[in-house]
Amino acid sequence: MSRQTSSINRFRQGEPMDEREANRTWESLRGAIRKIHSNQASSLSFEELYRNAYNLVLHKKGELLYTGVQQVVSDHLKTVAVACTDCVDDRLLEVLKQQWDEHKTTMVMIRDILMYMDRNFVHQYRKVPVYEMGLVVFRDQVSGHPKVRGRLLQLMLEAVAAERAGQKVDRILLKHIVSMLVDLGVQNRNVYKEDFEIHYLESTSQFYAAESSEYISKNTCPDFLRKAESRIEEEKSRVDAFLHESTLEPLCRIMEEEWIIAHYQTLIQMENSGCKAMFAADKVDDLGRMYNLFQRAHMAIKEVQEVMKECVRTAGQEIMQDPEKMKDPVSYITALIALKHKYDHFVKFSFKDCQNFQQALKSAFEGFLNQDTRAAQYLTLFVDELFRKGIKGMREQEVDTNLEYTVTIFRFLQDKDVFENFYKLHLARRLLTNRSLSDDSEKLMISKLKGECGHLYTSKLEGMFQDIKLSEDLVKAYRAHPADAGSAIVLSVNVLTSGFWPNSTTIACNLPQELQECCNKFESFYLPKHTGRRLSWQWQHGTADLKAVLGRSRHELNVTTLQMIILLLFNQQQELTYNEIAAKTGIPPEELKRHLMSLYVTPKVKILVKEPAEHDRSKDPWPEDVFVVNQAFESKLHRLKVPLVALRGAAAEIQMPASSSGAADVPPTVEEDRKHLVEAVIVRIMKSRKTLEHNQLVIEVTRHLTGRFYPTPVLIKQRIEKLIEREYLERSSTDRRVYNYLA
């Protein structure tokens, strides 16, 4: 059989092209395109075909060429459409894929032949490019054929349904069909979305709505969560395998809607297997799965937080009302620590340390712990037991861990000053009776409290250790010793043994000569009897009784040691500047300021007068200020105590609790301390603001004090009245609810 070859007559360059020649050239191109469609492209000369197409466009025959090509492609695809429509359903996807692949290949060849027309004629007359034109014709006549389009959608949906049912499907074939639909989305059409995605999402929603409703009615919450997680991952995998990436987001929304949002309330409240049951049974993984699934459903997460808070509060109330635990503070606090540790584990591993869950846990503990002061007292008893017996045999890390658990519960206490009061009592008992197993551990606990509440919170704890009994015996022995004979100064000393008491900062100062000699005599008496010991004088904790002549009256002044050092300077000079006082006393600036101010700002015991008066509005001493003794001072009292500004009692009376049963009332010493603290805060705020309305002042005072306790509006109002009586504040003449600060 002889081989046939195709020949195309060349068009002679430079000659004008008439209609007959144009038609002849087109006929040769049409025949070539038909051969391409018949898979006979190997016999063609693409160079000649390109040249003939070029000549047609060059001689203004582009319309003839474009419409002709469009018609040839259309005629060919009509036969393709017939092949698809006549195909049985089982073969339709494969036939469609095959025809699509062949069509793309032929259109690439045709596009290459007509490249010049694409660059010129098509661009100039805004026609659809040749390749895209082929896609449009295929879309209209093949994939969009009435007898193909519906069957194609049905077959794809059935394949997905079969895969959901656990059957194997040809994912590669489906991926090719999806790719075809995406490629056909030209000329402002989204064939993939219109012909498949919309219907796929609708069927998916219907399928999972039915499946999830049936599944939740027959299974537990953890089982449902595992099923939901599995189904969501399956759908994501399906998108990765053969669907278009644009389907992922709407598909995820549907899955979340049908599996999570529609059922989250039922899941959370499900009896015996819901959220409460999972918390009770320590289902960390299941709760983590719930959290991961509920993340996009804000209200669902919020409800889980509320359930967790309810579980914590319920468990906490059970601990607080347990008669056995109420009798045993150690068991009581141990149960609270175990409860906190349990839910910390949930927050960390189930809820990924979510800040909202941390806040919910904090709120729940604060809610039941602050109903009374029992938790504060029991916590100090727990620490007392720990230091007396509990830490024996523990490693350093174990001790630190136990103390950290204690501080964790401490953070939830609102009335931290109540804890301080109870802690001070038990700490004093341990140290005075030498029953603490480790001074280092004691200091570590104080350090942790300082880190939580600041140095002011622990200043009393660090300054309260006074060995009263030994000091009293020591003072009696000293007064009977010849070293004290003939001394005009009556010296009383409390000696603190460094092995039992925490370190305290020593304030350096220059003592008057007579007092320095008295101290030297005491050291000469004490040190020979206690070899190897060193005395470090804590002047800031001392007091003194001075006989003073102020104007025409004589008084006995009870002052601090540092105030005494300041006042004795005025026996030698009638007036002194602030800088001179600082130089002569050597007292550090902050301590000097506090002790000096107490001598001239307290109205009832204004021993000194500060000049010049223009600085009186601030009351703070300035370097150039001059101080003189107040010769106009008058008082009906012979013995006067000069209070230290903003200073609460440095030494507290040691009172051992009568029982360990707990008390709901705030101790009287704490109540008294609160009064002074509230007053100090009010003065500080008013000094800064000068004028403030009552409600605003209450808000500011509350904000400043919440780190130690929550002051009641009644307490704040009472202290305001006291400050008005003592002429720190006054009511405005125009509005009695407005206060003015008095200099």
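This structure is a prediction, so every number in the text was calculated from the model and none was measured.

**Points about the overall build of the protein**
Part 1: For the protein, the count of helices and strands is 31 helices and 9 strands.
Part 2: In terms of overall size, the protein is more extended than a compact globule, its C-alpha atoms giving a radius of gyration of 47 Å where 743 residues would be expected to give roughly 27 Å.
Part 3: Across its three principal directions, the C-alpha atoms of the protein cover 150 × 65 × 60 Å.
Part 4: Here the protein holds 743 residues, and the buried ones make up 46% of them.
Part 5: For the protein, long-range pairs separated by at least 24 residues make up 71% of all intrachain contacts whose partners lie at least 6 apart in sequence.
Part 6: Summed over its atoms, the accessible surface of the protein is roughly 39,000 Å², and 49% of this surface lies on carbon and sulfur atoms.

**A few points about the sheet that holds strand β2 (residues 553-560)**
Part 1: The strand order across the open sheet built from 3 strands is β1-β2-β6, with neighbouring strands paired in mixed fashion. Among the strands making up the open sheet, the edge pair consists of β1 (543-550) and β6 (639-641). Strand-to-strand, the axes of this sheet are offset by a mean angle of 30 degrees, without reference to chain direction.
Part 2: The sheet contact formed by β2 and β6 spans 3 bridges and is parallel. The partner of Glu556 across the bridge, within β6, is Arg639.
Part 3: Its contacts with the sheet put helix α26 (residues 561-568) on β1 and β2, and the angle it makes with β2 is roughly 135 degrees.

**Focus: the sheet that holds strand β3 (residues 575-577)**
Part 1: The 3 strands lie next to each other as β3-β5-β4, forming an open sheet whose pairing is antiparallel. Across the chains shown, the open sheet's two edge strands, defined by having one partner strand only, are β3 and β4 (608-611). With strand direction ignored, the average angle separating the axes of adjacent strands in the sheet is 25 degrees.
Part 2: Pairing between β3 and strand β5 (residues 626-629): 3 bridges, direction antiparallel. The residue bridging Leu576 from the neighbouring strand is Phe627, located in β5.

**What about the nonpolar core?**
Most often, soluble globular proteins have nonpolar side chains that are buried together.
Part 1: In terms of nonpolar packing, the biggest core is built from 149 residues, with Leu65, Phe279, Phe294, Met308, Phe351 and Tyr423 touching the most fellow members.
Part 2: The leading source of residues in this core is helix α15 (residues 298-321), at 10 residues.
Part 3: When residues no more than four places from it in sequence are discounted, the contact partners of Phe351 are Phe279, Leu287, Tyr291, Val304, Met308, Phe346 and Phe357.
Part 4: Membership of the second largest hydrophobic core comes to 48 residues, among which are Cys519, Phe525, Trp537 and Leu576.

**Quick look at the packing of aromatic side chains**
Part 1: With the rule as written, the count across this model stands at 29 aromatic pairs.
Part 2: Ring centres of Tyr264 and Phe294 lie 6.4 Å apart, and the angle between their planes is 75 degrees; this geometry places the pair in the edge-to-face category. Of this pair, Tyr264 sits in helix α12 (residues 264-269) while Phe294 sits in helix α14 (residues 284-294), and the two are 30 residues apart along the sequence. For the pair formed by Tyr264 and Phe294, the shared burial category is buried.
Part 3: Ring centres of Phe419 and Tyr423 lie 5.6 Å apart, and the angle between their planes is 25 degrees; this geometry places the pair in the stacked category. Placement of both Phe419 and Tyr423 in helix α21 (residues 416-432) is noted, with a separation of 4 residues, approximately one turn of the helix. Neither residue differs from the other here; Phe419 and Tyr423 are each classed as buried.
Part 4: Members of the aromatic cluster, joined through ring pairs, are Phe279, Tyr291, Tyr343, Phe346, Phe351 and Phe357.
Part 5: Lying over the aromatic face of Tyr131, Arg111 brings its terminal NZ or CZ to 5.4 Å of the ring centre.
Part 6: A cation over an aromatic ring shows up here: Lys416 above the ring of Phe410, its NZ or CZ 5.4 Å from the ring centre.

**Quick notes on the pattern of salt bridges**
Here the idea is simple: oppositely charged side chains can pair when their charged atoms come close.
Part 1: Considering all chains together, one arrives at 54 salt bridges under this definition.
Part 2: The closest approach of N and O atoms between Glu235 and Arg238, which form a salt bridge, is 2.5 Å. Placement of both Glu235 and Arg238 in helix α10 (residues 221-241) is noted, with a separation of 3 residues, approximately one turn of the helix. The pair formed by Glu235 and Arg238 is uniform in burial state, with each residue classed as buried.
Part 3: Where Glu310 meets Lys276, a salt bridge forms, and the shortest distance between an N and an O atom there is 2.9 Å.

**Description of unusual backbone geometry**
Part 1: Phi is positive for Asn39, which is not a glycine, with a value near 65 degrees.
Part 2: By relative accessible area, Asn39 is classed as exposed at 61%.
Part 3: Backbone geometry places Asp353, a non-glycine residue, at a positive phi of 55 degrees.
Part 4: Examined against the element boundaries, Asp353 turns out to sit in the loop between α17 (329-350) and α18 (355-369).
Part 5: Take Asp353: its relative accessible area is 41%, and that puts it in the partly exposed class.

**As for the environment of Gln98**
Part 1: Take Gln98: it is sitting in helix α4 (residues 89-113).
Part 2: By relative accessible area, which is 42% here, Gln98 ends up partly exposed.
Part 3: In the structure, Gln98 is positioned 78 residues away from His176 in sequence and 9.9 Å away in space, judged by C-alpha atoms.

**What about the packing of α4 against helix α7 (residues 146-164)?**
For any two helices packed against each other, one specifies the inter-axial angle together with the distance between the axes.
Part 1: Following both chains from N to C, one finds α4 and α7 inclined at 100 degrees, their axes separated by 10 Å at the closest point. The angle between α4 and α7 falls in the class roughly perpendicular. Of α7, the residues touching α4 (which contributes Asp89, Leu92, Leu93 and Leu96) are Val148, Arg151, Leu152 and Leu155.
Part 2: Tallied by class, the residues present in the contact of α4 with α7 amount to 6 nonpolar, no polar and 2 charged.

**Description of the pairing of β5**
When a strand is regular, its side chains alternate between the sheet's two faces.
Part 1: Pairing between β4 and β5: 4 bridges, direction antiparallel. The partner of Lys610 across the bridge, within β5, is Phe627.

Conventions we followed
- Residues numbered from 1 in each chain as written.
- Predicted model: local features only at pLDDT ≥ 70, side-chain atom pairs only at ≥ 80, totals over all residues.
- Heavy atoms only, no water.
- Helix = DSSP H or I, 4+ residues; strand = E, 2+ residues; numbered from the N terminus.
- Rg over C-alpha atoms; globule rule 2.2 N^0.38 Å.
- Buried < 20%, exposed > 50% of the residue type's maximum accessible area, 1.4 Å probe, protein only.
- Contact = heavy atoms within 4.5 Å.
- Areas by Shrake-Rupley, 256 points an atom, 1.4 Å probe, with all protein chains shown as cover.
- Pairing = 2+ DSSP bridges.
- Axes fitted to C-alpha atoms, helices over the stretch in contact; angles between N-to-C directions.
- Core = buried A, V, L, I, M, F, W, Y, C linked by side-chain atoms within 4.5 Å.
- Phe/Tyr/Trp six-rings, centres within 6.5 Å; stacked < 30°, edge-to-face > 60°.
- Lys NZ or Arg CZ within 6 Å of the ring centre and 35° of its normal.
- Salt bridge = Lys/Arg side-chain N within 4 Å of Asp/Glu carboxyl O.
- Parallel < 35°, antiparallel > 145°, perpendicular 65-115°, else oblique.
- Nonpolar A, V, L, I, M, F, W, Y, C, P; charged D, E, K, R; others polar.

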